[in-house]
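# Structural description and commentary
Here is how the chains run, residue by residue.
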Amino acid sequence: MEALFSILIGLFFAAAIYLLLSKHTVRILLGVVLLGNAVNLTLFTTGRLTREVPPIIPAGMDTLSPGAANPLPQALILTAIVISFSFFAFLLVLTYRAYQELGTDDTDEMRLAEPRDEQLPPLGY
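Predicted model, so just to flag it, every value in this text is computed and none were measured.

### What to know about the overall build of the chain
In terms of helices and strands, the chain carries four helices and zero strands. Going residue by residue from the N terminus, the α and β elements of the chain occur as α-α-α-α. At 22 Å, the chain has a C-alpha radius of gyration far larger than the 14 Å of a compact globule built from 125 residues. For the chain, the spread of C-alpha atoms along the principal axes amounts to about 75 × 35 × 30 Å. The buried share of the chain, reckoned over its 125 residues, is 18%. Long-range pairs, those at least 24 residues apart, make up 50% of the contacts in the chain between residues at least 6 apart in sequence.

If you want it as structure tokens, here you go:
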């Protein structure tokens, strides 16, 4: 099962990098979301994938049984899902406002919208 997840993680990372290299902001946004899902799936896979033994400490024991899934990556993933969703919402609003202001989602055309006569910032102090 972990080999299947490893292949899926590789596909997610490859698709995310491909989308992040695009010049359209909507594709970049989808690449960020896909990258976050790939990282979450990586964390989930590191916590062992078992169905037989839940991550619950039995009565009378101090630690988990050896074959149990690790609950720490699962807790980290829940936190990462909330953070990545809020980051996605922020980027979505930012992309929409940029589209409203400039009338395009092409990053090359966004660069052309900058004023030409503006001086460069100081290069040294």
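There is more to say, and it comes next.
### Describing helix α3 (residues 71-102)
Owing to its 3.6 residues per turn, the α-helix aligns residues three or four sequence positions apart on the same side. Taking 1.5 Å of rise per residue, the 32 residues of α3 would be expected to cover 46 Å, and the 46 Å separating its terminal C-alpha atoms lies within 8% of that figure. Among the residues of α3, P73, I77, L91 and T95 are the ones counted as buried. Packed against the buried residues of α3 are α2 (25-46). The positive-phi residue at the C-terminal boundary of α3 is G103, with phi of around 80°.

### Points about the side chain of N40
Turning to its location among the elements, N40 is positioned in helix α2. Leaving out residues up to four positions away in the same chain, N40 has contacts with I77, A80, I81 and S84.

### Quick notes on the side chain of T25
Within the fold, T25 resides in helix α2. Contacts of T25, omitting those with residues within four sequence positions, involve T95, D105, T107 and M110.

### Describing the pattern of salt bridges
Tallied over the full model, the rule gives two salt bridges. One salt bridge in this structure joins K23 and D108, with 4.0 Å as the shortest N-O distance. Here K23 is found in the loop between α1 (2-20) and α2, whereas its partner D108 is found in helix α4 (residues 107-112), with 85 residues between them in sequence. For D108, a relative accessible area of 33% puts it in the partly exposed group. Between E101 and R97 there is a salt bridge whose closest N-O contact spans 4.0 Å. Within this pair, E101 and its partner R97 are both found in helix α3, separated by four residues, close to a single helical turn. Its relative accessible area of 59% is what places E101 among the exposed residues.

### What to know about the packing of α2 against α3
Running from N to C, α2 and α3 point in directions that differ by 175°, and their axes come no closer than 10 Å. Judged by the angle between their axes, α2 and α3 are roughly antiparallel. Only P73, I77, A80, I81, S84, F87, F88, L91, L92 and T95 of α3 make contact with α2, whose side of the interface consists of T25, V26, L29, V32, V33, N40, L43, F44 and T46.

### Details of the confidence of the model for the chain
A residue-level look at the chain finds 95% of positions with pLDDT of 70 or above and a mean pLDDT of 86. Across the chain, the element-wise mean pLDDT spans from 80 in α4 up to 94 in α1.

Thresholds applied
Residues numbered from 1 in each chain as written. Predicted model: local features only at pLDDT ≥ 70, side-chain atom pairs only at ≥ 80, totals over all residues. Heavy atoms only, no water. Helix = DSSP H or I, 4+ residues; strand = E, 2+ residues; numbered from the N terminus. Rg over C-alpha atoms; globule rule 2.2 N^0.38 Å. Buried < 20%, exposed > 50% of the residue type's maximum accessible area, 1.4 Å probe, protein only. Contact = heavy atoms within 4.5 Å. Expected span 1.5 Å × (residues − 1). Salt bridge = Lys/Arg side-chain N within 4 Å of Asp/Glu carboxyl O. Axes fitted to C-alpha atoms, helices over the stretch in contact; angles between N-to-C directions. Parallel < 35°, antiparallel > 145°, perpendicular 65-115°, else oblique. pLDDT = per-residue confidence, 0-100.

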